[in-house]
Amino acid sequence: MKIAILGTGVVGRALAQGWLKAGHEVVLGSRQPEEARLRAELKGLPLAGLASAVADAPVVVNATPGTASVELLTSVGADALAGKVLLDVAVGFTEDGSLSHLGESLGEEIQRTFPRTRVVKTLCTIDRKLMIAPDSVQGPSTLFLSGEDAEAKRTVAGLLGDLGWSEDSLLDLGGIATARGQEHYSLLFIGIAQALGSYGFGIRVVEEAA
């Protein structure tokens, strides 16, 4: 499968490496694909302009800064994104460290802005290293999915499986409105990271004993 990852930061690069290793065709999309410094930093990872990256990719990953995501996706165009699965990883933060999306999640805003695109929110509750190496922590972690389209969720679950996430580690929270919980967890994530002195941790949902 071809996967277009919009965003060339550390998250986009990590996911690109993970899916390339799993055998997928991956391209990173950038507004400045010809920039020499960026190409040097990517160390050979495939790079293209935004429209070119998205053109024939059935799955698009939003790994852009959450405060700029909708603007960037708008520049790609609703028609170009129509029918595609959009895996949204981003969380928006303001300059003072507060969440930019309070009453509505970024995932919801993207789905509302692009109603013909099948948005699935996931991967925003963990660090980039754990995204592609779920066995790097001392026990199993839970990963969440939010979205309206069941088929799109199955596609995303398959891609998460290719990164090493087992089926029983995935928890479907329901519709895209549940993305609010995923994004708001980022504040607790930061608190845990500060307490541990590390971003290398996951969380696990444990049900009550029978």
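Everything numeric here is computed off the predicted structure, so don't read it as measured data.

In terms of residue burial, strand S2 (residues 25–30) counts as a mostly covered element, since 5 of its 6 residues are buried. Of the strand pairs in this sheet, strand S1 (residues 2–6) and S2 are connected by 5 bridges, and their pairing is parallel. Its bridge partner being in S2, leucine 6 is matched across the sheet by glycine 29. Taken together, S1, helix H1 (residues 10–21) and S2 constitute a β-α-β crossover, and its handedness is right-handed. Bridge analysis of S2 against strand S3 (residues 47–49) gives 3 bridges, and the strand direction is parallel. Across the sheet, glycine 29 pairs through a bridge with alanine 48, a residue of S3. With helix H2 (residues 36–42) bridging S2 and its parallel neighbour S3, the resulting β-α-β unit is right-handed.

On to helix H8 (residues 150–162). With 13 residues, H8 extends 19 Å between its outermost C-alpha atoms, agreeing within 8% with the 18 Å of an ideal straight helix rising 1.5 Å per residue. Buried within H8 we find Ala152, Lys153, Val156, Leu159 and Leu160. Buried residues of H8, seen end-on, are gathered within an arc of 120° and therefore sit on one face of the element. N-cap assignment for H8: the residue whose side-chain oxygen lies 3.0 Å from the backbone N of glutamate 151 is aspartate 149. Remark: glycine 164 follows H8 within two positions and exhibits a positive phi of approximately 110°.

Its identity as a non-glycine residue notwithstanding, lysine 43 has a phi of 50°, on the positive side. On the secondary structure map, lysine 43 appears in the loop between H2 and S3.

Of all 8 residues in helix H6 (residues 106–113), 6 are buried; the element is thus mostly enclosed. Taken residue by residue, H6 has Leu106, Gly107, Glu108, Glu109, Ile110 and Gln111 as its buried positions. Residues of H6 that are buried make contact with strand S4 (59–62), helix H4 (69–76), strand S5 (85–88), strand S6 (118–121) and helix H9 (179–196).

This brings us to the nonpolar core. Across soluble globular proteins, nonpolar side chains show a tendency to be buried alongside one another. By size, the foremost hydrophobic cluster in this structure holds 32 residues, and its most contacted members are Ile5, Leu15, Trp19, Val61 and Leu123. The residues touching isoleucine 5, leaving out its near neighbours within four places in the chain, are Gly12, Leu15, Ala16, Trp19, Val26, Val27, Leu28, Gly29, Val61 and Ala63. The next biggest cluster of nonpolar side chains, apart from the first, holds 22 residues, and it includes Leu50, Leu73, Leu106 and Phe114.

Let's shift gears to the packing of aromatic side chains. Enumeration over the complete set of coordinates arrives at 3 aromatic pairs. When the centroid spacing of 5.9 Å and the interplanar angle of 15° are considered together, the rings of phenylalanine 189 and tyrosine 199 count as stacked. With phenylalanine 189 in helix H9 and tyrosine 199 in the segment after H9, this residue pair connects regions lying 10 residues apart in the sequence. In this structure phenylalanine 189 comes out as buried when scored by relative accessible area, which is 11%. An aromatic cluster is defined as three or more aromatic residues linked by ring pairs; in this entry it consists of Tyr185, Phe189, Tyr199 and Phe201.

Topologically, lysine 2 is positioned in strand S1. Among the polar contacts made by the side chain of lysine 2, one reaches the side chain of aspartate 56 at a distance of 2.6 Å. Once residues lying within four places of it in the same chain are set aside, the contact partners of lysine 2 are Glu25, Val27, Ser52, Ala53, Asp56, Ala57, Pro58 and Val59.

Enumeration over the complete set of coordinates arrives at 11 salt bridges. For glutamate 104, the salt bridge identified is with arginine 112, shortest N-O distance 2.9 Å. Among the residues examined, glutamate 104 registers a relative accessible area of 25% and is labelled partly exposed. By relative accessible area, arginine 112 is classed as exposed at 52%.

All right, on to the packing of H4 against H6 then. Following both chains from N to C, one finds H4 and H6 inclined at 25°, their axes separated by 10 Å at the closest point. What the angle tells us is that H4 and H6 run roughly parallel. H4 and H6 meet at a crossing whose hand is right-handed. For the pair H4 and H6, contact is made by Ser69, Val70 and Leu73 and by Leu106, Glu109, Ile110 and Thr113, respectively. The residue makeup of the contact of H4 with H6, split by class, is 4 nonpolar, 2 polar and 1 charged.

Calculation notes
Residues numbered from 1 in each chain as written. Predicted model: local features only at pLDDT ≥ 70, side-chain atom pairs only at ≥ 80, totals over all residues. Heavy atoms only, no water. Buried < 20%, exposed > 50% of the residue type's maximum accessible area, 1.4 Å probe, protein only. Helix = DSSP H or I, 4+ residues; strand = E, 2+ residues; numbered from the N terminus. Pairing = 2+ DSSP bridges. Right-handed = clockwise from strand over helix to strand, strands pointing away. Expected span 1.5 Å × (residues − 1). Arc of directions from axis to C-beta. Polar contact = N/O pair within 3.5 Å; in protein donor to acceptor, adjacent residues only side chain to side chain. Contact = heavy atoms within 4.5 Å. Core = buried A, V, L, I, M, F, W, Y, C linked by side-chain atoms within 4.5 Å. Phe/Tyr/Trp six-rings, centres within 6.5 Å; stacked < 30°, edge-to-face > 60°. Salt bridge = Lys/Arg side-chain N within 4 Å of Asp/Glu carboxyl O. Axes fitted to C-alpha atoms, helices over the stretch in contact; angles between N-to-C directions. Parallel < 35°, antiparallel > 145°, perpendicular 65-115°, else oblique. Left-handed = near helix turned anticlockwise from the far one by under 90°. Nonpolar A, V, L, I, M, F, W, Y, C, P; charged D, E, K, R; others polar.

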